[in-house]
Amino acid sequence: MTFHVYLSGEIHTDWRDQIIDGADGLDMIFSAPNTDHAGSDDCGVKILGAEDNKFWHDHKGAQMNAIRTRKLIEEADIVVVRFGEKYRQWNAAFDAGYASALGKSLIILQQPEHDHALKEVDAAALAVARTPEQVVQILRYVQTGDLPA
């Protein structure tokens, strides 16, 4: 059975590649938001026209990105949301909430120092992992029943 896995959240490290590479051999299709930060921020004004006010600049981009994000989360069987170490990632929290509201199987990937701040998000998740390797092990177990050696 093929699993569709959406990889949401932090875009500044290679965690997505680690999960995709680690899941080699599993029957999984991975998707993600646009991880080109500038492209994601500027897509609305590049396509629909410039905005003098930064709020409307960002608003256009957020709406354009939401078309992709909504579709991919709705199609996903499993949603993995990574909260990185440096930035306040409100968009990641929003994706986790949206996935939870849709009844998606949710895996959170975060560092222990974020446990308190993300307690509500973690409570909605079916697993909270600390490393991409743990996410791969979860995906492998869910699909094959195999435990790590």
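Residues numbered from 1 in each chain as written. Predicted model: local features only at pLDDT ≥ 70, side-chain atom pairs only at ≥ 80, totals over all residues. Heavy atoms only, no water.

**A closer look at a nonpolar patch on the surface**
Judged by side-chain polarity, Tyr141, Val142 and Leu147 come together as a nonpolar surface patch covering roughly 330 Å² of accessible area. For Tyr141, the location among the structural elements is in helix α6 (residues 132–144). Classification of Tyr141 as partly exposed rests on a relative accessible area of 46%. (Patch = residues over 30% accessible without salt bridge, like charges linked within 9 Å, V, L, I, M, F, W, Y side chains within 5 Å. Areas by Shrake-Rupley, 256 points an atom, 1.4 Å probe, with all protein chains shown as cover. Salt bridge = Lys/Arg side-chain N within 4 Å of Asp/Glu carboxyl O. Helix = DSSP H or I, 4+ residues; strand = E, 2+ residues; numbered from the N terminus. Buried < 20%, exposed > 50% of the residue type's maximum accessible area, 1.4 Å probe, protein only.)

**As for the nonpolar core**
One finds Val5, Ile19, Ile78, Val80, Ile107, Val135 and Leu139 to be the most contacted residues of the largest nonpolar core, which totals 17 residues. Elements that contribute at least two residues to this core include exactly β1 (3–9), α1 (15–22), β3 (78–82), β4 (105–109), β5 (127–129) and α6. Once you skip the residues sitting within four places of it in the chain, Ile107 turns out to touch Ile78, Val79, Val80, Val81, Ala127, Val135, Ile138 and Leu139. Judged by nonpolar contacts, the second largest core, of 15 residues, contains Tyr6, Ile73, Ala92 and Ala99. (Core = buried A, V, L, I, M, F, W, Y, C linked by side-chain atoms within 4.5 Å. Contact = heavy atoms within 4.5 Å.)

**Some words on the pairing of β1**
Burial analysis of β1 places six of its seven residues in the buried class, which makes it a mostly covered element. Where β1 and strand β2 (residues 28–31) come together, four bridges link them in parallel fashion. When the bridges of β2 are listed, Val5 appears paired with Phe30. One ladder, built from five bridges, connects β1 with β3; its direction is parallel. The partner of Leu7 across the bridge, within β3, is Val80. (Pairing = 2+ DSSP bridges.)

**Some words on α1**
Every buried residue of α1 is listed here: Trp15, Arg16 and Ile19. Seen end-on, α1 carries its buried residues on one side only, within an arc spanning 105 degrees. Tucked inside the fold, the buried residues of α1 contact β1, β2, β3, β4 and α6. (Arc of directions from axis to C-beta.)

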